[in-house]
Amino acid sequence: MRQAGRSLPEYRELRVGTDMLDACLNPELASEITLQPVRRHGVDAGIFFSDIVIPVRLSGVDVRIVAGRGPVLDDPVRTAADVAALPPLDPAALAPIREAVALTVAQLGATPLIGFAGAPYTLASYLVEGGPSKEQLKTRALMHSDPETWTALLTWCAGITGAFLAAQIEAGASAGQLFDSWAGSLSLADYTAHVAPFSTLALDAVRELDVPLIHFGVGTGELLAAMRDVGVDAVGVDWRLPLDEAVRRVGPDVTVQGNIDPALLRAPWPVLEAHLVDVLRRGQAARAHVLNLGHGVPPDTDPTVLTRIVEFVHAHA
Ligand code: CP3
């Protein structure tokens, strides 16, 4: 999950003096940062250190990550002309990603690596808004006001993000996770008509590679069945919806991923432990359950709490 490594002192030390996106494009550094939480916590899989906006940057669009805020563009993409001017992604530009994944997989041995990408809607929201936004009003207005530009924009996003995910899986990642972090702002009708087809298109780039696919968003309790229907093996669930209820909504043929409440990472251990027991119990309603947090690790999390969660789960699951 985003920022999984950010609570680690060894991560902060490595990142000193290096811009976030530059770190992602340095294969040795990206690989080492990916391995840090795996080594420290003994988790069952690593998630590749990168960012959903990397393929946007690699296409030549001027995007940067501002600490404490997120991806920012000085020149947002809002008109038909802006969308027409979006440059294609040269497949050769993905070389540092392929190299970082290959280096990482070689060192992980039997531990699988999860590759990931941003879903077209979440990427488009950063491009249109010019930065993080709570309700993505400009993005959702564009969706309804100018369907042709919307289609062109989401098709471009699907192409670059699908290529980014394919590069990771081809280089050795064992699973792919599509993050539609902000899809929870959408009605089910808008999601189904104007967003899901482009997420399907993005995943079409990796279907033949035959690895398990996971689909996650925040606040997407109402969308879970539609998110399943883009063609994935697992849905990620945030902390708002109990996993047994999520299983009721998506049916028996889907794996669930989730959903420790990040807020409880700072609660006294007995409170957190009771929560873990509850999450594990509810997860048993599914055919399989991948335990993780319901969203990212807050940067000020005590890393020893994360290690203790892994130890507890390995002992009790
Ligand atoms: O946790 C990991 O290191 C795994 C790799 C990962 C990152 N970003 C690294 C990162 C993953 C899977 C992401 C995905 C991502 N990036 C998403 C989807 C998942 C989610 O959390 O909903 C989104 C929406 C982004 C965009 C983004 N990048 C945001 C909102 C931020 C946070 C900005 C902040 O400082 O609050 C980033 C930066 C980012 N991406 C960091 C990391 C480790 C923090 C960089 C730092 O300050 O050290």
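Residues numbered from 1 in each chain as written. Predicted model: local features only at pLDDT ≥ 70, side-chain atom pairs only at ≥ 80, totals over all residues. Heavy atoms only, no water.

J.: Would you explain the sheet that holds strand S6 (residues 213-216) in this entry?
T.: Overall, parallel pairing links the 7 strands, which are arranged S1-S4-S5-S6-S7-S8-S9 in an open sheet. The open sheet has two free edges, formed respectively by strand S1 (46-47) and strand S9 (289-293), since each of these has just one partner strand. Summarising the sheet, S1 and strand S4 (residues 113-118) pair through 2 bridges and their orientation is parallel. The residue of S4 that forms the bridge with Gly46 is Leu113. Here helix H12 (residues 243-250) sits on the sheet in contact with strand S7 (234-236), strand S8 (255-260) and S9, set at roughly 150° to S8. (Pairing = 2+ DSSP bridges. Helix = DSSP H or I, 4+ residues; strand = E, 2+ residues; numbered from the N terminus. Contact = heavy atoms within 4.5 Å. Axes fitted to C-alpha atoms, helices over the stretch in contact; angles between N-to-C directions.)

J.: Looking at this structure, how should I read the side chain of Asn259?
T.: Along the chain, the position of Asn259 falls in strand S8. Asn259 sits in the buried class, given a relative accessible area of 5%. One polar contact links the side chain of Asn259 to the main-chain carbonyl oxygen of Asp238, over a distance of 3.0 Å. With near-sequence residues (within four places) excluded, Asn259 lies in contact with Val237, Asp238, Trp239, Leu241, Pro242, Leu243, His275, Val279, Asn292, Leu293 and Gly294. (Buried < 20%, exposed > 50% of the residue type's maximum accessible area, 1.4 Å probe, protein only. Polar contact = N/O pair within 3.5 Å; in protein donor to acceptor, adjacent residues only side chain to side chain.)

J.: Sorry, what's going on with the nonpolar core here?
T.: As a rule of thumb, soluble globular proteins bury nonpolar side chains together. Judged by nonpolar contacts, the single largest core of 86 residues is most densely connected at Phe49, Leu127, Trp150, Leu153, Tyr191 and Leu203. Looking at this core element by element, the count peaks at 11 residues for helix H9 (residues 147-170). With residues near it in sequence (within four places) discarded, Tyr191 still touches Asp180, Ala183, Leu186, Ala196, Pro197, Ser199, His215, Leu223, Ala226, Met227 and Val230. (Core = buried A, V, L, I, M, F, W, Y, C linked by side-chain atoms within 4.5 Å.)

J.: How should the packing of aromatic side chains be read in this particular structure?
T.: Each aromatic ring pair is characterised by the separation of its centres together with the angle its planes make. Under the criterion given, the structure shown has 6 aromatic pairs. Taking 5.7 Å as the distance between ring centres and 80° as the angle between the ring planes, the aromatic pair formed by Phe116 and Phe179 counts as edge-to-face. One end of the pair, Phe116, is in strand S4; the other, Phe179, is in strand S5 (residues 175-179), and 63 residues separate them in sequence. The exposure class assigned to Phe116 is buried, which follows from its relative accessible area of 6%. Three or more aromatic residues joined by ring pairs make a cluster, and in this case those are Phe116, Phe164, Phe179 and Phe216. (Phe/Tyr/Trp six-rings, centres within 6.5 Å; stacked < 30°, edge-to-face > 60°.)

Such coordinate-based values are descriptive only and should not be taken to indicate function.
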